[in-house]
Amino acid sequence: NGDAGFQFESSAQISESLAGSSDDDLVETMESVIDSVYDNAAIFETGTDKYIVNNKTAPYIIATYDQEFSNAFGFTKTEPYVIMTVVVKLQDDEMILAQYRNNEDDFDKQLPMAEKIFQSVEPVSSLAEDTTESSDSIAQRLFYYLNNISFS
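By convention here, each chain's residues receive numbers from 1 onward along its written sequence. Local features are withheld for residues below a pLDDT of 70 in this predicted model, meaning they are given only at 70 or higher, and side-chain atom pairs are given and counted only at 80 or more; totals for whole chains, interfaces and linings count all residues. Hydrogens and waters are ignored; side-chain quantities use all the structure's heavy atoms.

### A word on the side chain of Asn-102
A run of H or I in DSSP counts as a helix once it spans at least four residues, and a run of E counts as a strand once it spans at least two, with each numbered from the N terminus. Here Asn-102 lies in strand β7 (residues 95-103). Residue burial is assigned from relative accessible area. The probe radius is 1.4 Å, only protein chains are included, and a residue is buried under 20% of its type maximum, exposed over 50%, and partly exposed in between. Looking at Asn-102, the relative accessible area reads 0%, which means it is buried. Identification of polar contacts relies on pairs of N or O atoms within 3.5 Å, with a donor-acceptor requirement for protein atoms, meaning one able to donate a hydrogen and the other able to accept it, and with residues adjacent in sequence counted only if both atoms are side-chain atoms. Here Ala-4 takes part through its backbone nitrogen, which lies 3.3 Å from a polar atom of the side chain of Asn-102.

### Focus on the sheet that holds strand β2 (residues 39-47)
Taking strand neighbours across the sheet as the criterion, the 5 strands line up as β1-β7-β6-β5-β2 in an open arrangement whose pairing is antiparallel. Two strands in the sheet have a free side with no partner beyond their single neighbour: β1 (5-9) and β2. Mean inter-strand twist for the sheet, computed between neighbouring axes without regard to direction, equals 25 degrees. Strand pairing is assigned whenever DSSP identifies at least 2 bridges connecting the two strands. Judged from the 5 bridges that link them, β1 and β7 form a sheet pairing that is antiparallel. Directly across from Phe-8, in β7, lies its bridge partner Ala-98. We call two residues contacting when some pair of their heavy atoms lies within 4.5 Å. Whenever a helix is involved, its axis is fitted only over the stretch in contact; in every case the axis is a line through C-alpha atoms, and angles between N-to-C directions fall within 0 to 180 degrees. Across the sheet, helix α2 (residues 23-37) is in contact with β2, β5 (60-70) and β6 (76-89); its angle to β2 comes to roughly 165 degrees. On top of the sheet, helix α3 (residues 107-119) reaches β1, β5, β6 and β7; it is set at about 160 degrees to β7, its chief contact.

### Here's the deal with the confidence of the model for the protein
With 80% of its residues at a pLDDT of at least 70, the protein reaches an overall mean of 84. Every residue gets a pLDDT, meaning the predictor's confidence in that residue, from 0 to 100. When mean pLDDT is compared element by element in the protein, β2 scores highest at 95, while helix α4 (residues 135-147) scores lowest at 55.

### Overview of the pairing of β7
In summary, the side chains of a regular strand alternate between the two faces of the sheet. With respect to burial, β7 is a largely interior element, 8 of its 9 residues being buried. Where β6 lies against β7, 9 bridges are found, and the strand directions are antiparallel. Each bridged residue has a counterpart across the sheet, and for Val-82 the counterpart in β7 is Asn-102. Between β6 and β7, which pair antiparallel and follow one another directly, the connecting turn spans 5 residues, one of which, Asp-92, has a positive phi of 50 degrees.

### A word on α3
With 13 residues, α3 extends 18 Å from end C-alpha to end C-alpha; this agrees with the ideal 18 Å at 1.5 Å per step. Here the bend at each residue means the angle between axes fitted to two seven-residue stretches, the one ending at that residue and the one beginning there. The largest bend in α3 is about 30 degrees, located at Met-113. A helix is expected to span 1.5 Å for every residue after the first.

### Quick look at the side chain of Ser-120
Inspection of the secondary structure assignment puts Ser-120 in the loop between α3 and α4. Residue classification places Ser-120 among the buried positions, given a relative accessible area of 15%. From its side chain, Ser-120 meets the backbone oxygen of Ile-117 in a polar contact 2.6 Å long.

### A closer look at the packing of aromatic side chains
Working definition: rings of Phe, Tyr and Trp (its six-membered ring) pair if their centres are within 6.5 Å, and the pair is stacked with planes under 30 degrees apart, edge-to-face with planes over 60 apart, and tilted otherwise. The full count for this structure, using the stated rule, is 8 aromatic pairs. Both rings, one in Phe-6 and one in Tyr-100, keep their centres 5.3 Å apart while their planes meet at 25 degrees; by these two values the pair is stacked. You can see Phe-6 sitting in strand β1 and its partner Tyr-100 sitting in strand β7, a full 94 residues away along the chain. On the accessibility criterion, Phe-6 (30% relative accessible area) is partly exposed. Since its relative accessible area comes to 0%, Tyr-100 is described here as buried. Relative to Tyr-81, the ring of Tyr-65 has its centre 6.1 Å away and its plane inclined at 50 degrees; by these criteria the two rings are tilted. Placement of the pair is Tyr-65 in strand β5 and Tyr-81 in strand β6, with a sequence separation of 16 residues. Judged by relative accessible area, which is 2%, Tyr-65 ranks as buried.

This is the structure we're talking about:
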């Protein structure tokens, strides 16, 4: 339903660049990225203690932006979109950047589903141990997990 999209990014480089940052610093970094990456971005909400994942705070940011679409004829249109980015802390200093985005009309309708998905993220092994695992097998595990997740 709607135009919902999820993206999860994890790497030793991401974890190293964010390690040691306070939750406020993480929110500030996310604000900076949103402002520099998205057209007509406006910060809607931020927080450092609303979400707890893996018994750790999960700083987040919600922002609006203009999403441009083009068709096969080269015509473009712009629609208002909303993005939520959450920093999920795993074990040690390992972190995942998780994003949920949707069109402005459907964002709030599907936010509870997104929150459940974010809450379900947990470490399965250390990023340092997974350096040999291909991105295809990681994607297959994530696909399997998302298709077999149940919400109560």
